[in-house]
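# Fold and geometry: a report
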Amino acid sequence: MVMLVGMLTLGVPLSATAQPPQPPPPPPSTYRVVGVDNAAARTAIARQGAEILGIGRDFLEIRATPAQAEQLRAGGLQLVPLPAAAPIPVGPGKFPVGYQGYHTYAQLTDELNALAAAHPNQVAVSSYGKSVQGRPLLLVKVSDDVHTDKRGPEVLFTCAQHAREHLTVEMCLHIVKRLAQGYGTDPTITRLVRSREVWVAPMVNPDGAEYDIATGLFALWRKNRQPTPGTTDVGTDTNRNWGDEWACCGGSSANPGSDAYHGPAPFSAPETAQLRNWVNSRVIGGVQQIIAHIDFHSFSELVLWPYGFTTDATGPGLSASDAAVFRKLGEAMAATNGYTPEQSSHLYVTDGSIGDWMWAQHHIWSYTMEMYPTSLTQGGFYPPATVIDRETARNDKAVDLLLDYADCVPRITGASCSRP
Ligand code: BZS
Ligand code: ZN
């Protein structure tokens with residue numbers, strides 16, 4: 001039989017149309033890889049193609065096809081399969097049962113508009129462009145005199161570059177709400193809102209976030225929804241599409257089917273290109289107004305800082321004293337929320353991430369925070385809505401610390417500031 005097939009194939013090449021239909025590739029499953037405790041091992045697993053979902057001190061949680069799992073096992077790694085959770089759907093485009101506290105794109109838009117209506121001098125909603133599918137990319141400003149461009153330091157918060165990281169949308173919404181409602185009532189918040197201008201991009205990847213709940217069940221989707229020309233694949237990983245050291249170092253994938261696909265060119269995703277344009281537009285009189293930034297992700301409970309493309313502590317435009325500042329403020333924020341602080345490449349090497357670009361291009365003190373939980377077994381990307389209040393408030397002190405230091409971030413190490 002084998003011979004016959006071989007001979008047939010050799011002698012009379014089968015045309016594409018004559019081939020029997022191929023069964024779909026087996027779906028990936030989730031595993032815990034035990035005993036993985038260093039960046040080199042994690043980077044090697046990521047480069048092999050398995051998708052890293054969560055990171056613990058001495059384990060990794062991954063999604064892998066059967067072939068990838070077999071390859072990892074053949075390399076001597078121990079993979080423990082994790083059970084797949086199955087929530088109960090409410091309807092297409094809606095969060096399932098137990099997740100009603102999360103906001104869809106439409107609910108987020110309504111809630112932000114309601115906050116702007118309730119606090120017309122403190123909250124303004126606009127957009128910095130449109131997603132691949134035409135959704136306005138939401139931008140919120142919070143300040144004491146929101147319609148005036150003041151001179152004070154500006155701080156940016158971004159959420160949901162990754163579709164399935166819905167808890168981060170709640171984080172950005174919580175920041176807007178807390179600052180708006182605390183202004184005039186809470187002395188710390190009043191001082192911060194008076195002396196800073198706060199910008200929030202609460203859903204950087206709205207198409208992906210909506211796609212993730214489109215069927216009423218979670219799709220475990222990460223990327224945007226941009227078709228890749230010349231393929232049937234959809235989606236670019238926005239957090240591998242930023243233009244600093246793009247695709248340089250094996251910290252992203254050239255495979256359009258990969259969850260870490262970096263896109264065909266830097267800023268090929270409209271979602272990153274337009275956020276870049278807006279950040280660039282905050283350079284006024286030659287001075288970037290935005291001093292500090294947090295990009296929220298989930299999950300793993302981490303505070304990360306640049307560079308991601310190299311494991312060196314220093315790099316182009318990032319001196320040893322800059323690295324000390326990143327570390328000191330990162331550790332100070334982590335002390336308030338119990339997250340683990342580290343340079344992002346100590347997790348695994350990434351290239352084209354937002355934080356590397358923010359620093360390299362604008363010297364913005366840019367952090368990435370990976371929110372609750374620490375593992376897939378605690379809900380992974382999909383913790384129940386009951387945790388939203390606790391896990392967003394958990395970051396209040398870290399957010400306040402960043403806002404507070406925004407007048408001069410290096411003062412956290414006792415250094416002075418050459419920037420305003
Ligand atoms: C995530 C993980 C995140 C990423 C980790 C990371 C971010 C590493 C920035 C380095 C820099 O998706 O939540 O893979 O993008
Ligand atoms: Zn993410």
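Report on the accompanying structure. (Residues numbered from 1 in each chain as written. Chains lettered and ligands numbered in written order. Predicted model: local features only at pLDDT ≥ 70, side-chain atom pairs only at ≥ 80, totals over all residues. Heavy atoms only, no water.)

### Looking at the pattern of salt bridges
As a reminder, the rule being used: By convention in these notes, a salt bridge is any Lys or Arg side-chain nitrogen within 4 Å of a carboxyl oxygen on Asp or Glu. Here the term buried applies to any residue with accessible area under 20% of the maximum for its type, exposed to any over 50%, and partly exposed to those in between, with areas from a 1.4 Å probe on protein chains only. Each helix is a run of DSSP H or I of at least 4 residues and each strand a run of E of at least 2, with the numbering of both proceeding from the N terminus.
On inspection of all chains with the given rule, the structure shows 21 salt bridges. The partner of Lys 150 in a salt bridge is Asp 144, with the nearest N and O atoms 2.7 Å apart. This pair shows no difference in class: Lys 150 is buried, exactly as Asp 144 is. Residue Glu 154 pairs with Arg 282 through a salt bridge whose shortest N-O separation is 2.7 Å. Linking Glu 154 in strand S7 (residues 154–159) with Arg 282 in the loop between helix H8 (270–281) and strand S9 (283–284), this pair joins segments that are 128 residues apart in sequence. Given a relative accessible area of 9%, Arg 282 falls into the buried group. Overlapping salt bridges bring together Glu 51, Arg 63, Arg 164 and Asp 259 as one network.

### With respect to the sheet that holds strand S1 (residues 29–34)
Basically, it comes down to this: In this analysis, strands are considered paired if DSSP registers two or more bridges between them. Note on geometry: axes are lines fitted to C-alpha atoms, helical ones only across the stretch in contact, with angles between N-to-C directions running from 0 to 180 degrees. The contact criterion used throughout is that any non-hydrogen atoms of two residues lie within 4.5 Å.
With respect to topology, 4 strands assemble into an open sheet ordered S2-S3-S1-S4, the strand pairing being antiparallel. At either end of the open sheet lies a strand with only one pairing partner, and these are strand S2 (51–55) and strand S4 (78–81). Strand-to-strand twist in this sheet, taken as the mean axis angle between neighbours without regard to direction, amounts to 35°. Where S2 meets strand S3 (residues 59–64), 4 bridges bridge the pair, whose relative direction is antiparallel. The residue bridging Ile 52 from the neighbouring strand is Ile 62, located in S3. Its contacts with the sheet place helix H3 (residues 66–74) against S1, S3 and S4, and it is angled at close to 145° to S3.

### A look at the packing of aromatic side chains
Operational definition: Two rings from Phe, Tyr or Trp (for Trp, the six-membered ring) form a pair when their centres are within 6.5 Å of each other. A pair whose planes differ by under 30 degrees is stacked, one over 60 is edge-to-face, and the rest are tilted. Working rule: Lys NZ or Arg CZ, within 6 Å of ring centre, within 35 degrees of ring normal, means a charge sits over the ring.
Under the definition given, this model contains 19 aromatic pairs. Residues Tyr 211 and Trp 221 carry aromatic rings whose centres are separated by 5.2 Å and whose planes lie at 75° to one another, so their mutual orientation is edge-to-face. Of this pair, Tyr 211 sits in helix H7 (residues 206–212) while Trp 221 sits in the loop between H7 and H8, placing them 10 residues apart in sequence. With 5.1 Å between their ring centres and 55° between their planes, Tyr 307 and Phe 309 make a pair best called tilted. Note on Tyr 307: relative accessible area 1%, which makes it buried. Against the face of Phe 59 rests Arg 32, its NZ or CZ located 3.8 Å from the ring centre. For Arg 164, the ring lying beneath its charged end belongs to Phe 381, and the centroid distance is 4.2 Å.

### A short note on the coordination of the zinc ion (ligand 2)
By definition of the ideal shapes, a tetrahedral metal site with four donors has angles of 109.5 degrees and an octahedral site with six donors has angles of 90 or 180 degrees. Just so we agree on the cut-off: Only nitrogen, oxygen and sulfur atoms qualify as donors, provided they sit within 2.8 Å of the metal or within 3.2 Å for Na, K and Ca; with water excluded from the atoms, sites may seem incomplete. Angular criteria define each label, namely tetrahedral for four donors with all angles between 85 and 135 degrees, square planar for four and octahedral for six donors with opposite donors over 155 degrees apart and remaining angles between 65 and 115, and irregular for whatever fails these tests.
Looking at the zinc ion (ligand 2), the protein donor atoms are His 162 (ND1), Glu 165 (OE), Glu 165 (OE) and His 297 (ND1), and they sit 2.0 to 2.3 Å from it. Metal-centred angles of 55 to 148° between the 6 donor atoms at the zinc ion (ligand 2) mark the site as irregular. Spacing between the donor residues of the zinc ion (ligand 2) along the chain follows H-x2-E-x131-H. In this pair, Glu 165 sits in the loop between S7 and helix H5 (166–182) while His 297 sits in strand S11 (residues 290–298), placing the two residues 132 residues apart along the sequence. Considered together, Glu 165 and His 297 belong to a single accessibility category, that of buried residues.

### Brief notes about the sheet that holds strand S14 (residues 365–371)
Here we have 8 strands laid out as an open sheet, ordered S5-S6-S8-S7-S11-S14-S12-S13, and mixed in their pairing. Bordering the open sheet on either side are strand S5 (123–130) and strand S13 (340–343), each of which pairs with just one other strand. Direction aside, neighbouring strands of the sheet carry axes that sit 20° apart on average. Here S7 pairs with strand S8 (residues 197–201) via 5 bridges, running parallel. Its bridge partner being in S8, Val 155 is matched across the sheet by Val 198. Packed on one face of the sheet, H8 meets S5, strand S6 (136–142), S7, S8 and S11 and runs near 125° to S5. Helix H12 (residues 396–405) rests against S7, S8, S11 and S14 of the sheet, and its axis sits at about 145° to S7.

### Structural notes on the pairing of S8
Burial analysis of S8 places 5 of its 5 residues in the buried class, the great majority of the element. Taking every second residue as pointing to the same face, both faces of S8 are buried, with Glu 197, Trp 199 and Ala 201 on one and Val 198 and Val 200 on the other. Judged from the 3 bridges that link them, S6 and S8 form a sheet pairing that is antiparallel. Looking at S8, one finds that Val 142 is bridged to Val 198.

### With respect to helix H6 (residues 187–195)
For clarity, the cut-off: The directions from the helix axis to the C-beta atoms form the arc being described. A 3.5 Å cut-off defines polar contacts: any pair of N or O atoms within that distance qualifies, except that in protein one atom must be a possible hydrogen donor and the other a possible acceptor, and neighbouring residues in sequence count only when both atoms are side-chain atoms.
Three or more residues of H6 are buried, namely Ile 189, Thr 190, Leu 192 and Val 193. Seen from one end, H6 has its buried residues packed into an arc of 170°, which puts them on one side. On its buried side, H6 packs onto H5 and H12. Structurally, the start of H6 carries an N-cap: the backbone nitrogen of Thr 188 is 2.9 Å from a side-chain oxygen of Asp 186.

### Focus: unusual backbone geometry
That bond from Pro 306 to Tyr 307 is cis: its omega, -5°, falls within 30 degrees of zero. Cis geometry marks the peptide bond from Tyr 372 to Pro 373, where omega comes out at -5°. Tracing the backbone through its elements, the reader meets Pro 373 in the loop between S14 and helix H11 (388–393). For Phe 267, which is not a glycine, the phi torsion comes out positive at approximately 60°. Following the sequence through the fold, Phe 267 ends up in the loop between H7 and H8. Phi at Glu 301 is positive, roughly 60°, even though this residue is not glycine.

### Regarding the state of the cysteines
Put simply, the rule is: Put simply, a disulfide is two cysteine sulfurs that come within 2.5 Å.
Within the structure shown, the criterion is met by 3 disulfides. Bridging Cys 159 to Cys 172, the disulfide has an S-S length of 2.1 Å. As the torsion about the S-S bond is roughly 85°, the Cys 159-Cys 172 disulfide counts as right-handed. One end of the pair, Cys 159, is in strand S7; the other, Cys 172, is in helix H5, and 13 residues separate them in sequence. Pair check on accessibility: Cys 159 and Cys 172 agree, each one buried. The cystine pairing of the protein, numbering bonded cysteines in sequence order, is 1-2, 3-4, 5-6.

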